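Here are the chains, one letter per residue:
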Number of protein chains: 2
Amino acid sequence: MITSASSVKSPSADAISFHVRPDRLVRSSASASASSTTRRISIRRFASRDDSPRSSRRIPISIRSASISICTRSSLRIRRSSLAKATRLEATPARSRTSRAEWMVEDIPSPYHRSTSLRSRPHMRIHHGITLVLMVLFCMTKPTHAVGTSAHRSEEDLRWVDGDGLDVEGRAFEDRSSPWDRLPAKAESIVRPPVWGNSRHSAGIAIRFISDSSTIGARWHLTSDRLAMPHMPATAVSGVDLYVRMEGPSGPIWRWVANGRPSAVKNERILVSGLPVRSREWMLYLPLYNGVESIEIGISENASIAPALGRDRPIVFYGTSITHGACASRPGMPHVAILGRRLDVPVVNLGFSGSGTLDPEMADLMAEIDASVYVLDCLPNLDGGKVAARAAPFVRRLRSLRPAVPIVLVEDRTYADSIFNPSKERRNQANRAALKAAHATLVREGVDRIFYLEGDILLGDDGEATVDSSHPTDLGFVRQADAFEPVLRDAMRASAGETPDRSGDDHGNR
Amino acid sequence: MITSASSVKSPSADAISFHVRPDRLVRSSASASASSTTRRISIRRFASRDDSPRSSRRIPISIRSASISICTRSSLRIRRSSLAKATRLEATPARSRTSRAEWMVEDIPSPYHRSTSLRSRPHMRIHHGITLVLMVLFCMTKPTHAVGTSAHRSEEDLRWVDGDGLDVEGRAFEDRSSPWDRLPAKAESIVRPPVWGNSRHSAGIAIRFISDSSTIGARWHLTSDRLAMPHMPATAVSGVDLYVRMEGPSGPIWRWVANGRPSAVKNERILVSGLPVRSREWMLYLPLYNGVESIEIGISENASIAPALGRDRPIVFYGTSITHGACASRPGMPHVAILGRRLDVPVVNLGFSGSGTLDPEMADLMAEIDASVYVLDCLPNLDGGKVAARAAPFVRRLRSLRPAVPIVLVEDRTYADSIFNPSKERRNQANRAALKAAHATLVREGVDRIFYLEGDILLGDDGEATVDSSHPTDLGFVRQADAFEPVLRDAMRASAGETPDRSGDDHGNR
């Protein structure tokens, strides 16, 4: 009855790796609980084709929505996300000793490439009280120890809380068309359509909350089913990213906890579980290149949750696809997010892919934000002529509306392949010359608290920090954060009035 | 006739960003060449709805298979890849003054999420001698300067050369089932099926050649249409990655040139063009998590091409999904590839996702390779018990077959979330204790030239170097390469007999 020996594997195969062999058939009889998400089932190993059990050891497994990962030596977990990924996974028609419904796994897409929800695949559904006839672990006697990746097992029913009611950073405007927009509704008739379209991605928005829950989950509904891009994975385009505030060796730090991996428009994940019950401050970053219809935080039934304390004025970054977050691996890894954590301040990401072009109306909108620092990082979407025409007027306009707020001018990063591409090298040179000239003009005019960050140090000099010569990977974003950090610290000091303005006549890397 | 104002954008929008407005209609009359891949067409700008041309300036554009990117101030390029991505791109039915065929762009999928080949979309095909009625750049007067990402424009017809006839590194066995397998055909009946399945991915294989071509292209056919994974982009899973050997400040270096971005099973890309004609040594990495049916290198018609000179014995890495390359952003960014470039030596990647489990038969296969160093990096797929049972026997077997070759034992990297997950921390601890014990046993037995790399330094200590707690991003891979490099340099010296064995009693990070 078994179609063939088969295997399941994945590149997260540390987490999921098993192997189906006809001579190692496992059959199980269900002893399922009534939980809607998790069931415990005992399975028995059969060692040979004659179907006599080699071992009657019952291995407890839990089934959660219908997919499979190996959890511990003695347990097998079934979760939707991993089953949807399972390829070449084959099971047998039931020859169960019970008369209950049978379940068969078949025709499952290959690992990790399609995230088909089981809800849409009726033949994969698990029904209450079913008898499972399961494919078997190659190494069932001592199954490969594996651990969850983006989700941990949870036996409990979570309580779901709307993220919109918690402290939300990176969302600087009220009166939005949709709760998770980055620009106000009125902007639709003010900014160019591509800016408006990009502003509906939740890039840089983070939900901050305090909770003593031992489990943290996320349930988020996206606005688009395009979960990934060819050069940027779904984990970043459409996933969520959880950090917690901890005591570090020299003060508080933000520490990464888990990525919520998307598999469809509607996603629900346990991000961390099993923590000791005590109050912690959490930050959950939203998707970078997708919109969010709704997002909820899941906590244990009896746990507390409250908005984190609102923080200082934010640093506001205006820029291009690079600011927007292309091509990080997770929502927490664009330099804007990294800097927010390192400096422990709120940040607002106004990166608009392909459309960070120093449009004057953006100065007006940015001036509505009570910012500590404004960062202008638009050169990758401009050329020298446009920089010459737009940079100084943009700064004058912003400064006239927000006279006290430091402004950081950022040159364009060096294209990773510019040494092979003279037009790219010329583009970098023309942009930078024009920005330096604009800066000099502004300084001559007496515009103070203007800081300047040179582009050649943003990505290092080994050519390895981008995926496509333009867009940084996490490697490039960390290097960018390293380059930005001292300049932003200076600008923040100037913003707080702690130091005299050191920047007025400084063209250098400040 | 224009349906609406519309826009095209993308996160590579530095490269592609334009905007269609009814009042900026461009119509063009074709003056196409007969080239099968590229045509030059002049277009005229129309400023208003009355359709009278505001400017008769002819803007030369070239059409290449059918998609659009902006090339320079004065030109507009049309290439298949970007048109397939264009969303909300709308054009008008032709009202051309010529009687030739009309072409309309409509109903195109959203940017970067589907890579529909135009060959399968007849309504998007470009025919010879057509008249195009084109949507227009928002900023056509001074169109946004943009540059190609993974492909450069080429007017020329390339000559295609089978990569199999050039120097191929990372492919250590003859008598393969398929040209781009990583294990020999006989392995199918020797290794476990998941190992065999993974061995058919071209991870770590690189084509080395010498050419004076000013243009380098790649044409590769994949074995699977699953181009990406949720946590790893298509650029790495199924793309190719081009490097060139250059003179660096202190000797030769390998410098990244371009990524060949996949859009379908069959791909053809110009990777770099416009180079001065002179002889260069190139290296093209093949896809990490896909198989290759065939791969060809494209060069200019009259250029030369020859295999690069074969190099020394390789370093052979045996490991898990991490060695396999998950989750790099490009095929050149796993630590195995980085180390091959830094040390300027051939490497063989025997990473098998989820299946790097120190199987004894792998020792036999590895011993068939005339290696300079063997690296055993399997702990992420094992637990302490398995390490205790398998590590020492594997080393003894390998050493008995290759008595002179240094062996590097590598501990498992620390899970990025292990501080929140006691089971992961215990797993790390048990694995490492078992490997240290195995190492001590081997040393006691007099097995020499055994090097040892501790796991806690592999990814740094900030928790940021993975996408999912287990799999490194490019950031993590660079950190891993930093940790491996000194140990491998020691091992290579031991391999060459240049230094006495320093490792026999060394548990430390050597």
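Use the structure listed above.
Report on the accompanying structure.

Definitions and limits used
- Residues numbered from 1 in each chain as written.
- Chains lettered and ligands numbered in written order.
- Predicted model: local features only at pLDDT ≥ 70, side-chain atom pairs only at ≥ 80, totals over all residues.
- Heavy atoms only, no water.
- Helix = DSSP H or I, 4+ residues; strand = E, 2+ residues; numbered from the N terminus.
- Buried < 20%, exposed > 50% of the residue type's maximum accessible area, 1.4 Å probe, protein only.
- Contact = heavy atoms within 4.5 Å.
- Areas by Shrake-Rupley, 256 points an atom, 1.4 Å probe, with all protein chains shown as cover.
- Pairing = 2+ DSSP bridges.
- Right-handed = clockwise from strand over helix to strand, strands pointing away.
- Axes fitted to C-alpha atoms, helices over the stretch in contact; angles between N-to-C directions.
- Parallel < 35°, antiparallel > 145°, perpendicular 65-115°, else oblique.
- Left-handed = near helix turned anticlockwise from the far one by under 90°.
- Nonpolar A, V, L, I, M, F, W, Y, C, P; charged D, E, K, R; others polar.
- Core = buried A, V, L, I, M, F, W, Y, C linked by side-chain atoms within 4.5 Å.
- Expected span 1.5 Å × (residues − 1).
- Phe/Tyr/Trp six-rings, centres within 6.5 Å; stacked < 30°, edge-to-face > 60°.
- Polar contact = N/O pair within 3.5 Å; in protein donor to acceptor, adjacent residues only side chain to side chain.
- Salt bridge = Lys/Arg side-chain N within 4 Å of Asp/Glu carboxyl O.

### Here we look at the overall build of chain A
Turning to step 1, where the next piece is worked out: For chain A, the count of helices and strands is 9 helices and 23 strands.
Turning to step 2, where the next piece is worked out: Burial statistics for chain A: of 510 residues in total, 65% are counted as buried.
Turning to step 3, where the next piece is worked out: Of the contacts made within chain A by residues no fewer than 6 positions apart, 72% connect residues no fewer than 24 positions apart.
Turning to step 4, where the next piece is worked out: Of the roughly 16,600 Å² that chain A leaves accessible, carbon and sulfur atoms contribute 49%.

### Observations regarding the pairing of strand β21 (residues 373-377) of chain A
Residue and element names in this part refer to chain A.
Turning to step 1, where the next piece is worked out: Here β21 lies mainly inside the structure; 5 of its 5 residues are buried.
Turning to step 2, where the next piece is worked out: Neither face of β21 is left uncovered, since the one carrying Val373, Val375 and Asp377 and the one carrying Tyr374 and Leu376 both have all their residues buried.
Turning to step 3, where the next piece is worked out: As paired elements, strand β19 (residues 315-319) and β21 share 5 bridges and run parallel to each other. The partner of Ile315 across the bridge, within β21, is Val373.
Turning to step 4, where the next piece is worked out: Both β21 and strand β22 (residues 407-410) contribute to a ladder of 3 bridges, which runs parallel. Within β22, the position partnered with Leu376 by the bridge is Leu409.
Turning to step 5, where the next piece is worked out: Note on the crossover from β21 through helix α7 (residues 384-401) to β22: the handedness is right-handed.

### Focus: the sheet that holds strand β23 (residues 450-453) of chain B
Residue and element names in this part refer to chain B.
Turning to step 1, where the next piece is worked out: Spatially, the 5 strands line up as an open sheet ordered β20-β19-β21-β22-β23, and their pairing is parallel. Strands with a single pairing partner mark the edges of an open sheet, and in this sheet they are β20 (347-351) and β23. Going across the sheet, the axis of each strand differs from the next one's by a mean of 15 degrees, ignoring polarity.
Turning to step 2, where the next piece is worked out: Note that strand β19 (residues 315-319) and β20 share 5 bridges and pair parallel. Each bridged residue has a counterpart across the sheet, and for Val316 the counterpart in β20 is Val348.
Turning to step 3, where the next piece is worked out: Each of β22 (407-410) and β23 touches helix α8 (residues 422-444); the most contacted strand, β23, lies at about 160 degrees to it.

### Section: the sheet that holds strand β23 (residues 450-453) of chain A
Residue and element names in this part refer to chain A.
Turning to step 1, where the next piece is worked out: If you trace the 5 strands from one edge of the open sheet to the other, you get β20-β19-β21-β22-β23, paired in parallel fashion. Taken across any chain shown, the strands that pair with only one partner, and hence form the sheet edges, are β20 (347-351) and β23. On average, each strand axis in the sheet is inclined to that of its neighbour by 15 degrees, with strand direction left out of account.

### Things to note about unusual backbone geometry
All names here are of chain A.
Turning to step 1, where the next piece is worked out: Across the junction of Ala326 and Cys327, the peptide omega takes the value 10 degrees, indicating a cis bond.
Turning to step 2, where the next piece is worked out: Phi is positive for Ser469, which is not a glycine, with a value near 85 degrees.
Turning to step 3, where the next piece is worked out: With respect to the helices, strands and loops of the structure, Ser469 is situated in the loop between β23 and α9 (474-496).

### Digging into the packing of helix α5 (residues 335-343) of chain B against helix α9 (residues 474-495) of chain B
All names here are of chain B.
Turning to step 1, where the next piece is worked out: Running from N to C, α5 and α9 cross one another at 50 degrees; their axes reach a closest spacing of 9 Å. If you check the angle between α5 and α9, you find them oblique. Note on packing geometry: the crossing formed by α5 with α9 is right-handed. Every residue of α9 that contacts α5 at His335, Ile338, Leu339, Arg342 and Leu343 is listed here: Phe477, Val478, Gln480, Ala481, Asp482, Phe484, Glu485, Leu488, Arg489 and Met492.
Turning to step 2, where the next piece is worked out: Considering only residue class, the contact of α5 with α9 consists of 9 nonpolar, 2 polar and 4 charged.

### Here we look at the nonpolar core
Turning to step 1, where the next piece is worked out: Counting residues in hydrophobic clusters, the biggest one holds 96 residues, and the most contacted among them are Leu488(A) and Leu488(B).
Turning to step 2, where the next piece is worked out: The contacts of Leu488(A), once residues within four sequence positions are left out, are Ile315(A), Phe317(A), Leu339(A), Leu343(A), Val373(A), Val375(A) and Val408(A).

### Considerations on helix α5 (residues 335-343) of chain A
Residue and element names in this part refer to chain A.
Turning to step 1, where the next piece is worked out: Judged by how many residues are buried, α5 sits mostly within the fold: 8 of 9 residues are covered.
Turning to step 2, where the next piece is worked out: All of the buried residues in α5 are His335, Val336, Ala337, Ile338, Leu339, Gly340, Arg341 and Leu343.
Turning to step 3, where the next piece is worked out: A positive backbone phi angle near 55 degrees is found at Asp344, which sits one or two residues after α5.

### A word on helix α8 (residues 422-444) of chain A
All names here are of chain A.
Turning to step 1, where the next piece is worked out: Between its terminal C-alpha atoms α8 stretches 33 Å, which fits the 33 Å expected from 23 residues at 1.5 Å a residue.
Turning to step 2, where the next piece is worked out: Listed as buried for α8 are Lys424, Arg427, Asn428, Asn431, Arg432, Ala434, Leu435, Ala438, His439, Ala440 and Leu442.
Turning to step 3, where the next piece is worked out: In this structure, the buried side of α8 is in contact with α7, β22 and β23.
Turning to step 4, where the next piece is worked out: Just beyond α8, the residue with positive phi is Gly446, at close to 90 degrees.

### So, the pairing of strand β17 (residues 292-300) of chain B
A regular strand carries its side chains on alternate faces of the sheet.
Residues and elements named next belong to chain B.
Turning to step 1, where the next piece is worked out: Bridge count between strand β9 (residues 158-162) and β17: 5 bridges; the pairing is antiparallel. Looking at the pairing, Arg159 lines up with Ile299 of β17.
Turning to step 2, where the next piece is worked out: Bridge analysis of strand β12 (residues 216-222) against β17 gives 7 bridges, and the strand direction is antiparallel. Bridge pairing in β17 places Trp220 opposite Ile295.

### Here's the deal with the packing of aromatic side chains
Turning to step 1, where the next piece is worked out: As enumerated under the stated definition, the model contains 8 aromatic pairs over all chains in all.
Turning to step 2, where the next piece is worked out: The interplanar angle of 20 degrees and the centroid separation of 5.6 Å between the aromatic rings of Tyr318(B) and Phe394(B) together place this pair among those described as stacked. Taken together, the residues span a long stretch of sequence, with Tyr318(B) in strand β19 and Phe394(B) in helix α7 (residues 384-401) at a distance of 76 residues. With respect to class, Tyr318(B) is no different from Phe394(B); both count as buried.
Turning to step 3, where the next piece is worked out: One aromatic cluster is present, formed by Tyr318(A), Phe352(A) and Phe394(A) through successive ring pairs.

### Describing the side chain of Asn259(A)
Turning to step 1, where the next piece is worked out: Within the secondary structure layout, Asn259(A) lies in strand β14 (residues 251-260).
Turning to step 2, where the next piece is worked out: A distance of 3.3 Å separates a polar atom in the side chain of Asn259(A) from the backbone oxygen of Thr235(A).

### As for the environment of Asp383(B)
Residue and element names in this part refer to chain B.
Turning to step 1, where the next piece is worked out: Note on placement: Asp383 falls in the loop between β21 (373-377) and α7.
Turning to step 2, where the next piece is worked out: Each C-alpha atom, one on Asp383 and one on Asn428, is 8.3 Å from the other, the two residues being 45 residues apart in sequence.
Turning to step 3, where the next piece is worked out: In terms of polar contacts, Asp383 uses its side chain to reach the backbone amide nitrogen of Lys386, at 2.9 Å.

### Focus: the pattern of salt bridges
Residues and elements named next belong to chain A.
Turning to step 1, where the next piece is worked out: Applying the stated criterion across every chain, the model contains 64 salt bridges over all chains.
Turning to step 2, where the next piece is worked out: The salt bridge involving Lys436 is made with Glu411; its shortest N-O contact spans 2.6 Å. Placement of Lys436 in helix α8 and of Glu411 in the loop between β22 and α8 is noted, with a sequence separation of 25 residues between them.
Turning to step 3, where the next piece is worked out: A relative accessible area of 2% means that Glu411 is categorised as buried.

### Some details on the packing of helix α6 (residues 360-367) of chain B against α7(B)
Residue and element names in this part refer to chain B.
Turning to step 1, where the next piece is worked out: One way to put it is that α6 packs onto α7 with a least axis distance of 9 Å and a crossing angle of 25 degrees. Between α6 and α7, the crossing angle belongs to the class labelled roughly parallel. Two packed elements cross with a definite hand, and for α6 against α7 that hand is right-handed. Facing Pro360, Met362, Ala363, Asp364, Met366 and Ala367 of α6, the residues of α7 in contact are Phe394, Arg397, Leu398 and Leu401.
Turning to step 2, where the next piece is worked out: The class makeup of the residues in the contact of α6 with α7 is 8 nonpolar, no polar and 2 charged.

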